[in-house]
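# Working through the structure, step by step
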Amino acid sequence: SQTIHQWPATLVQPVGSPLSLECTVEGTSNPNLYWYRQAAGRGLQLLFYSVGIGQISSEVPQNLSASRPQDRQFILSSKKLLLSDSGFYLCAWTGSTDTQYFGPGTRLTVL
Amino acid sequence: AQSVAQPEDQVNVAEGNPLTVKCTYSVSGNPYLFWYVQYPNRGLQFLLKYITGDNLVKGSYGFEAEFNKSQTSFHLKKPSALVSDSALYFCAVRDIPLGYSTLTFGKGTMLLVSP
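These numbers were taken from a predicted model, which means no experiment stands behind them.

## Some details on the overall build of chain A
Across its full length, chain A holds 0 helices and 11 strands. At 13 Å, chain A has a C-alpha radius of gyration in line with the 13 Å of a compact globule built from 111 residues. Considering only C-alpha atoms, chain A reaches an extent of 40 × 25 × 20 Å along its principal axes. Within the span of chain A, comprising 111 residues, buried residues form 48% of the whole. The long-range share in chain A, meaning contacts at least 24 apart out of those at least 6 apart in sequence, stands at 53%. Element-wise, carbon and sulfur atoms account for 54% of the exposed surface of chain A, whose accessible area totals about 5000 Å². For chain A, the distance from the average site of its 7 positive side-chain charges to the average site of its 6 negative ones is 9 Å.

In structure tokens:
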């Protein structure tokens with residue numbers, strides 16, 4: 001069966017520091033991968049989408065970036081964090097259907 | 001672009017009573033509709049989806065949803081609520097904004113089931 005992992009689970013970072021969040025999927029190949037941010041426990045904002053290695057589509061221009069160095073690995077990064085980057089970051093994948101399956105999330109607090 | 005609306009920020013229901021969480025949609029073409037549930041500090045869990053066929057879709061944990069084309073609605077229902085059903089529920093619609101398929105989510109409805 002397929003499994004999606006995210007780490008770290010929680011992260012507290014100072015303003016201006018770099019960021020790296022990792023997402024990996026097991027049990028499938030060539031998934032579509034997504035990064036979302038959820039602020040204040042409510043709506044989801046799609047940040048990035050990837051259909052394959054090295055292929056990244058950005059939905060929202062900001063100081064975040066994403067990379068997909070391997071088929072089942074998706075990384076969210078920032079060179080300098082802002083206070084507004086705080087939130088709950090969710091990774092998701094789809095296979096041959098449109099159903100998205102989500103990871104457990106990373107709680108990021110920027111101080 | 002496709003969109004969904006969840007008109008209620010919160011729904012309160014007593015345990016054992018039926019529950020309904022509302023969702024309306026706006027799409028061009030045939031709608032692909034989804035329901036997800038989120039427990040505190042957890043990722044979203046898929047409950048059910050409507051692609052085509054029977055208007056009553058059955059999903060996980062005893063939930064079902066009724067697709068109504070004339071009312072452009074896709075309400076989530078359960079005959080008898082449990083306290084453990086208390087969570088945040090999201091309705092979503094498939095969208096293809098830039099040539100790739102993704103989901104557009106509603107703002108979420110908090111369901112509170114009292115003992």
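## Examining the sheet that holds strand β7 (residues 64-70) of chain A
Residue and element names in this part refer to chain A. The 4 strands lie next to each other as β1-β3-β8-β7, forming an open sheet whose pairing is antiparallel. The outermost strands of the open sheet, each flanked by one partner alone, are β1 (3-7) and β7. Each adjacent strand pair in this sheet contributes to an overall mean axis angle of 20 degrees, direction not counted. As defined by bridge partners, β7 adjoins strand β8 (residues 73-78) across 5 bridges and the pair is classed as antiparallel. Among the inter-strand pairings, S67 is bridged to a residue of β8, identified as I75.

## A short note on the nonpolar core
In terms of nonpolar packing, the biggest core is built from 26 residues, with L33(B), W35(B), L47(B), L48(B), F74(B), L76(B) and Y89(B) touching the most fellow members. Among the secondary structure elements, those contributing two or more residues to this core are β2 (10-14), β3 (19-21), β5 (33-38), β6 (44-50), β8 (64-68), β9 (73-78), β10 (87-95) and β12 (109-114) of chain B. The element that contributes the greatest number of residues to this core is β10(B), accounting for 4 residues. Not counting residues up to four positions away in its chain, the partners in contact with L48(B) are L33(B), F34(B), W35(B), V57(B), K58(B), G59(B), F63(B), E64(B), A65(B), F74(B) and L76(B). Core analysis: the next-biggest nonpolar cluster, separate from the first, contains 20 residues, L21(A), A66(A), L76(A) and L81(A) among them.

## So, the pattern of salt bridges
Residues and elements named next belong to chain B. Using the criterion set out here, one finds 7 salt bridges over all chains in the structure. Between E64 and K58 there is a salt bridge, with the nearest N and O atoms lying 3.0 Å from each other. Taking the relative accessible area as the measure of exposure, K58 reaches 63% and is therefore exposed.

## Some thoughts on the interface of chain B and chain A
At the junction of the two partners, chain B supplies 24 residues and chain A supplies 22 residues. Both sides together, the interface formed by chain B and chain A hides about 1800 Å², and carbon and sulfur atoms give 51% of it. Per-residue buried area on chain B facing chain A is highest for L44(B), Y100(B) and F105(B); these three make up 27% of the total on that side. Linking chain B with chain A are 1 salt bridge, by the criterion used here.

What counts and how
- Every chain is numbered independently, its residues counted from 1 as its sequence is written.
- Starting at A for chains and at 1 for ligands, labels are handed out in the order in which the entities are written.
- Where local features are concerned, this predicted model is filtered to residues with pLDDT of at least 70; where side-chain atom pairs are given and counted, the filter is 80 or more; whole-chain, interface and lining totals use all residues.
- Computation of side-chain values: all heavy atoms of the structure, hydrogens and water removed.
- Elements are defined by DSSP. Helices are runs of H or I of four residues or more, strands are runs of E of two residues or more, and each kind is numbered from the N terminus.
- Taken over C-alpha atoms, the radius of gyration is set against a globule rule of 2.2 Å times the number of residues to the power 0.38.
- A simple rule labels every residue: compare its accessible area, found with a 1.4 Å probe on the protein chains alone, to the largest value its type can have, and call it buried under 20%, exposed over 50%, or partly exposed in between.
- Contacts are assigned to residue pairs with any non-hydrogen atoms lying within 4.5 Å of each other.
- Here, Shrake-Rupley sampling with a 1.4 Å probe gives the accessible areas, and only protein chains in the shown set may cover a residue.
- Note on charges: Lys and Arg go in the positive column, Asp and Glu in the negative column, and His and the chain ends are not counted at all.
- For this purpose, a charge sits on NZ of Lys, CZ of Arg, CG of Asp or CD of Glu.
- Strand pairing is assigned whenever DSSP detects at least two bridges linking the two strands.
- Where helices are involved, their axes are fitted lines through C-alpha atoms of the stretch in contact, as for all axes, and angles between N-to-C directions lie from 0 to 180°.
- Here, nonpolar core refers to any group of buried Ala, Val, Leu, Ile, Met, Phe, Trp, Tyr and Cys residues whose side-chain atoms link them within 4.5 Å.
- When a carboxyl oxygen of Asp or Glu lies within 4 Å of a side-chain nitrogen of Lys or Arg, that pair is called a salt bridge.
- In short, buried area is how much 1.4 Å probe accessible area vanishes from two parts on joining, totalled over both.

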